[in-house]
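Listed here are the chains, written in short residue letters.
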Amino acid sequence: MTFSLRISLILAATLPATADTFLPARVVLETHCLSCHHPGKTKGDLLLTTKQEMITGGDSGTSLVPGDPAKSLLIERVCLEEDHDDLMPPKGGPLDPEQIDALKAWVSAGAPWPEGITMSPRPKTALPEWNAPIDPSIDRIEAYPKQVTLETAADFHRVIVIAHFKDAATHDVTRQAKVTLTDPSLASLSDTTLRPLKDGTTTLKIEYRGLTTEIPVTVKDATKARPISFQLDVMPVLTSSGCNTGSCHGSARGQDGFHLTLYGFDPEGDHFRLTREMAGRRINLALPETSLLLTKSVGDVPHTGGKLFDKDSANYDTLLKWIQAGAKYDEGEIPEPTGITIEPPQLVMKGPDLEIPLTVRATYSDGTDRDVSTLSSYSTSNDNSAPIGELSGVAESKHRGEAFLLARFHTFTEGSQAIVIPEDLPYTRPQLEAFNYIDEHVHEKLHKLRIIPSDVCTDEIFVRRLFIDVIGRLPSVDERAAFLADTRPDKRAHLIDDLIGRKEFTEMWVMKWAELLQIRTFNQGQNQVSYKAALGYYGWLRDRIASNTPFNEIARELLSSEGGTFDSPATNFFQIESDVLKLTENVAQVFMGTRIQCAQCHNHPFDRWTMDDYYGFASFFAQVKRKRAEDPRERIIFDGGGEVQHPVTKQNAKPRFLGTPTPDELPKDKSRREAMADWLASPENPWFARNVANITWAHFLGVGITNPVDDVRISNPPSNPALLDALAKHFIESNYDIRSIVRDICNSRTYQLATKINETNATDETNFSHALIRRMRAEILLDSISQATETPNKFKGLPLGASAVQIADGNTSSYFLTTFGRATRATVCSCEVKMEPNLSQALHLLNGDATHNRIKRSTIISSRLEKKMPPMEIVNHLYLRTLGREPTENERGQLEKFIKEAGDEPKEVRAILDDIFWAILNSKEFIFNH
């Protein structure tokens with residue numbers, strides 16, 4: 001007998017007579033039988049979800065005869081011999097005697113069935129009932145939604161109850177919890193679904209194994225009917241059923257002669273096609289039940305998409321009532337959906353075969369809300385770890401890993417994070433010191449994943465890593481020695497402050513943002529950026545970063561700039577891209593980290609952006625104008641007239657901020673661009689600070705919290721949302737100080753971790769449990785080779801000895817920089833910088849000027865030989881200036897052997913030392929930061 005059944009039998013003694021046998025029988029049926037006999041899977045054409053379905057039976061006849069176990073096929077099949085072909089259940093072994101007795105007792109009692117109960121499969125991993133002994137490992141229970149408002153007679157809300165364990169695991173206890181209303185006259189309660197009865201306020205009390213929680217419930221207009229709305233009721237049915245997806249009628253050419261707009265971005269056009277295109281067939285007002293919209297959906301007539309729902313479903317009822325009411329389009333203004341919330345927001349499922357349902361609530365412009373869980377469609381980013389029912393919204397645990405569970409309703413998509421860990425994984429949470437707030441969030445996520453982070457790296461690894469990351473060059477031998485000799489406990493923090501204050505730090509971040517802002521020269525007739533303009537643009541950016549201008553002010557100044565491209569260099573941003581729509585996309589991608597291109601033609605299928613968002617945002621840039629200046633190389637940027645037409649409505653798009661409310665009237669004393677720039681650079685814009693923080697994080701950790709950094713969307717969520725939120729919050733609180741966020745990151749334990757992995761974090765690449773080995777980017781690698789060999793570089797417009805990091809023009813390059821993936825700055829995409837190693841790079845290092853010829857020109861070895869420095873001391877120096885360490889004992893022994901073979905011949909000694917230098921510069925340890 002299962003523990004749940006024992007508890008159910010104990011509980012049955014305290015229940016009313018109508019239910020005293022039902023609960024134990026329900027546990028048995030839901031745990032062992034419903035998985036094969038529910039609407040999603042009807043084996044033998046038998047459903048067991050309601051009493052009437054059991055009586056109706058399936059292919060073998062009625063399965064239930066209330067009051068007569070001997071005539072009930074249900075009882076007969078569970079009592080067969082173990083080797084009988086018809087034994088039920090067929091998997092998991094026969095029921096034990098106590099379970100069979102529970103079913104017999106229930107049937108003998110007349111199969112009592114409390115009103116409103118619909119059975120559904122219960123995983124075998126389900127926890128015991130609500131009155132089981134207190135479990136000290138359960139920390140608390142939480143119910144969703146946090147409050148319930150029932151408006152009109154048609155409204156309802158389903159409540160989900162989650163148990164939170166002290167080890168961060170979560171478990172669904174919705175059906176096991178005891179749920180009661182303090183005033184049952186206000187609302188009916190079927191399982192955990194609330195429906196209105198009369199107006200008032202009450203409380204839903206939830207109990208589970210000694211723990212309690214409450215949800216406030218408000219009922220309004222309980223007796224008021226809610227008419228069926230095409231946009232609010234019918235369109236969600238079509239979307240959740242998959243009718244308007246890209247693989248069905250939402251494709252560019254439609255399906256089987258019927259076309260709907262993708263995810264319903266044009267509801268008025270969809271209404272026309274449904275009601276007018278084939279009058280009397282798709283919609284039959286005289287005989288609504290014969291409408292093709294209904295008969296194909298329930299499988300009464302052939303349908304390429306198959307059967308979508310049953311005749312007794314809420315979806316069928318909605319469509320039927322709409323047709324019966326005349327299949328009209330909504331008149332006047334109707335409440336618009338303003339957003340959705342998916343709950344629980346995060347799941348940690350310990351062990352396989354756990355099931356947790358999600359609930360989705362939509363809010364509307366009139367202040368109301370609705371439970372739209374059954375009208376949402378669901379998907380997962382990782383079927384191997386956490387698959388989810390496309391229509392049911394029930395997530396299931398499979399194999400260890402992470403998944404992001406998406407719910408889509410109307411034009412909105414939101415997600416919930418799911419983590420799956422093995423049930424019997426040996427793990428004890430390590431006691432780790434958090435150096436700052438960053439580590440707190442990283443450690444919490446790693447704990448949920450049962451990952452133990454690597455140890456902190458050594459000082460000699462840290463100093464080389466920090467120099468490369470912060471100022472783009474190697475530490476000198478003296479700088480390394482001074483740091484290692486420093487005995488202050490906070491010497492790492494002092495070094496971080498020192499490097500952040502150097503001019504090379506400014507040059508590093510000017511280079512990064514010059515890539516995103518596409519600072520480069522080009523000449524396409526009227527559309528050109530001259531070398532003088534590009535230098536001015538670069539100089540403007542360098543001055544702002546050098547003076548530590550708040551980053552939001554840099555963005556505001558740039559996006560609202562006007563005047564000549566020489567006198568007002570920031571205006572070059574608008575000269576580099578003159579197409580209004582591409583300019584709009586660039587602003588969203590550079591400053592908000594999001595790609596809105598998909599919404600140009602249809603609502604974004606994997607993100608929140610709609611065509612209204614796209615063209616509304618584009619209207620901010622429609623009035624940017626350009627004209628020639630006296631100098632033919634210069635252009636004047638100013639604001640004039642101009643609008644963007646929405647391709648669906650054919651109306652001028654109203655200016656619209658992305659993702660946040662837009663005032664009905666913009667300030668009259670400012671241009672559209674100025675109003676947009678003020679918003680984008682303000683804390684009211686949730687994207688800007690997160691984007692800059694994420695870009696900065698990716699520079700130092702090798703991968704963004706959202707990755708790629710410029711592809712922020714619902715379906716590409718941050719690996720650690722709490723961490724990204726915290727970084728953005730501190731960035732805003734520091735007045736958008738880029739140095740402050742760099743200081744926070746570099747001072748964190750997370751940044752200072754070693755690359756050496758352990759058993760738990762060997763496969764982790766996204767949760768920052770160990771440092772990643774990262775190839776130096778092209779400019780830094782070239783500068784490091786130049787620094788190590790003391791052979792200066794020469795670039796156009798820069799003096800001899802200037803660094804590649806200082807190049808202003810994206811079109812100024814070299815074979816080395818191109819081969820190693822320097823950004824051309826032709827687009828704003830973060831993918832412009834290529835960090836992947838390839839064969840061309842290896843061949844160039846082996847045979848090209850980058851190493852061989854530079855070593856020949858270098859005086860590093862020759863000057864020391866002239867001073868009679870012993871060859872092994874020179875080798876030691878080469879190691880220190882390139883790798884930041886001395887040779888190991890094994891390396892030293894091998895190298896001494898090679899040098900001895902050269903004897904006392906100076907040319908041979910020089911040749912051996914050159915070869916050692918060449919080998920070091922070609923080593924992965926030199927080329928990669930670690």
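From a predicted model like this one, the values you see are computed outputs, not experimental measurements.

Criteria and cut-off values
- Residues numbered from 1 in each chain as written.
- Predicted model: local features only at pLDDT ≥ 70, side-chain atom pairs only at ≥ 80, totals over all residues.
- Heavy atoms only, no water.
- Pairing = 2+ DSSP bridges.
- Helix = DSSP H or I, 4+ residues; strand = E, 2+ residues; numbered from the N terminus.
- Axes fitted to C-alpha atoms, helices over the stretch in contact; angles between N-to-C directions.
- Expected span 1.5 Å × (residues − 1).
- Buried < 20%, exposed > 50% of the residue type's maximum accessible area, 1.4 Å probe, protein only.
- Patch = residues over 30% accessible without salt bridge, like charges linked within 9 Å, V, L, I, M, F, W, Y side chains within 5 Å.
- Areas by Shrake-Rupley, 256 points an atom, 1.4 Å probe, with all protein chains shown as cover.
- Salt bridge = Lys/Arg side-chain N within 4 Å of Asp/Glu carboxyl O.
- Lys, Arg positive; Asp, Glu negative; His and termini not counted.
- Charge placed at Lys NZ, Arg CZ, Asp CG, Glu CD.
- pLDDT = per-residue confidence, 0-100.
- Contact = heavy atoms within 4.5 Å.
- Disulfide = S-S within 2.5 Å.
- Core = buried A, V, L, I, M, F, W, Y, C linked by side-chain atoms within 4.5 Å.
- Phe/Tyr/Trp six-rings, centres within 6.5 Å; stacked < 30°, edge-to-face > 60°.
- Lys NZ or Arg CZ within 6 Å of the ring centre and 35° of its normal.
- 1 Å grid on protein atoms, 1.4 Å probe; cavity = no way out; pocket = protein on both sides within 12 Å on 5 of 7 lines; lining within 4 Å.
- Points joined across faces, edges and corners; volume = space filled by probe spheres on them.
- Nonpolar A, V, L, I, M, F, W, Y, C, P; charged D, E, K, R; others polar.

## Some thoughts on the sheet that holds strand β8 (residues 178-181)
- With mixed pairing, four strands are arranged side by side in an open sheet as β4-β12-β11-β8. The open sheet has two free edges, formed respectively by β4 (148-151) and β8, since each of these has just one partner strand. Neighbouring strand axes in the sheet, compared pairwise and without regard to direction, differ in orientation by 20° on average.
- Pairing analysis gives four bridges linking β8 to strand β11 (residues 200-208), with the strands arranged antiparallel. Paired with T180 across the strands is K205, a residue of β11.

## Observations concerning helix α14 (residues 503-516)
- Spanning 14 residues, α14 covers 21 Å between terminal C-alpha atoms, matching the ideal 20 Å at 1.5 Å per step.
- The element α14 is extensively covered by neighbouring structure, given that twelve of its 14 residues are classed as buried.
- Among the residues of α14, those classed as buried are F505, T506, E507, M508, W509, V510, M511, K512, W513, A514, E515 and L516.
- Count one or two residues on from α14 and you reach Q518, which has phi positive near 60°.

## Focus on a negative patch on the surface
- Residues E76, E81, E82, D83, D85 and D86 make up a contiguous surface patch of negative charge.
- You can see D85 is positioned in the loop between α4 (73-78) and α5 (97-108).
- Given the relative accessible area of 74%, D85 is considered exposed.

## Some details on the confidence of the model for the chain
- On average, residues of the chain score 92 in pLDDT, and 98% of them are at 70 or above.
- In the model, residues 3-18 has pLDDT below 50 throughout and makes 34 contacts with residues more than four positions away in sequence or in other chains.

## Digging into the pattern of salt bridges
- Per the stated rule, a full pass over the model turns up 57 salt bridges.
- Residue R556 pairs with E553 through a salt bridge whose shortest N-O separation is 2.4 Å. Here the residue R556 and the residue E553 both occupy positions in helix α16 (residues 551-559), the gap between them amounting to three residues, near one helical turn.
- The class of E553 is partly exposed, set by a relative accessible area of 34%.

## Observations concerning the sheet that holds strand β9 (residues 187-190)
- Spatial ordering of the open sheet is given by β5-β10-β9, a layout of three strands whose pairing is antiparallel. The sheet is open, and its two edges are formed by β5 (157-158) and β9, each paired on a single side.
- Of the pairings in the sheet, the one linking β5 to strand β10 (residues 193-196) comprises two bridges and is antiparallel in character. Along β10, the bridge assignment pairs H157 with L194.

## Observations regarding the pairing of strand β16 (residues 359-364)
- Relative to β16, strand β13 (residues 337-343) runs antiparallel, the two being bridged by six bridges. Along β16, the bridge assignment pairs I342 with V360.
- Note: β16 against strand β17 (residues 369-371), three bridges, orientation antiparallel. Its bridge partner being in β17, A362 is matched across the sheet by R370.
- Connecting β16 to the next strand, β17, in antiparallel fashion are four residues, including G367 with a positive phi near 90°.

## Thoughts on the pairing of strand β26 (residues 635-639)
- Examined bridge by bridge, strand β24 (residues 563-564) and β26 share two bridges and lie antiparallel to one another. If you follow G564 over to β26, its bridge partner there is I636.
- Here strand β25 (residues 624-628) runs beside β26; their pairing, made up of five bridges, is antiparallel. Note that in β26 the partner of K625 across the bridge is F638.
- Counting the residues in the hairpin turn of β25 and β26 gives six residues.

## Examining the state of the cysteines
- Enumeration over the complete set of coordinates arrives at one disulfide.
- Each disulfide pairs two cysteine sulfurs, and for C829 the partner residue is C831, the sulfurs being separated by 2.4 Å. Handedness of the C829-C831 disulfide follows from its S-S torsion of about 130°: it is right-handed.
- On the accessibility criterion, C831 (45% relative accessible area) is partly exposed.
- Just so you know, C33 is unpaired, no disulfide at all, and the nearest cysteine sulfur is the one on C36, 8.7 Å from it.
- For C33, a relative accessible area of 8% translates into the label buried.

## As for the nonpolar core
- Ranked by size, the top nonpolar core spans 151 residues in total, and within it F573, F591, F617, L680 and L727 carry the most contacts.
- It is helix α21 (residues 688-701) that provides the largest number of residues to this core, a total of nine residues.
- Apart from the residues within four sequence positions on either side, F617 is in contact with T584, V587, A588, M592, I596, R656, L658, M676 and W679.
- Counting 48 residues, the second-largest nonpolar core is a separate cluster that includes L232, V234, Y364 and Y378.

## Quick notes on unusual backbone geometry
- Cis geometry marks the peptide bond from M88 to P89, where omega comes out at -5°.
- Tracing the sequence through the fold places P89 in the loop between α4 and α5.
- The omega angle of the peptide bond from N707 to P708 is 0°, so this bond is cis rather than trans.
- Relative to the elements of secondary structure, P708 occurs in the loop between α21 and α22 (721-733).
- The residue N548 is not glycine, and still its phi comes out positive at about 55°.

## Considering the packing of aromatic side chains
- As enumerated under the stated definition, the model contains 23 aromatic pairs in all.
- Arranged with centres 6.2 Å apart and planes meeting at 55°, the rings of W106 and W113 form a pair that is tilted.
- Take W113: its relative accessible area is 16%, and that puts it in the buried class.
- Each member of the aromatic cluster is reached from another via a ring pair, and the members are F617, F620, F621, F657 and W679.
- The ring of Y364 has R370 sitting right over it, with the charged end atom 5.2 Å from the ring centre.
- The side chain of R492 reaches across the aromatic face of F462, ending 4.5 Å from its centre.

## Here's the deal with empty space enclosed by the protein
- With the rule as written, the count across this model stands at eight cavities of 30 Å³ or more.
- Forming the walls of the largest cavity are R122, P123, T125, A126, H171, D172, R175, Q176, L354 and E355.
- Residues of the lining of the largest cavity, tallied by class, amount to three nonpolar, three polar and four charged.
- Contributing to the lining of the second largest cavity are M592, P686, W687, R690, N691, N694, T706, V709, V712 and L724.
- Looking at which element gives the most residues to the lining of the second largest cavity, the answer is α21, with three residues.
- Taken together, the residues of the lining of the second largest cavity break down into six nonpolar, three polar and one charged.

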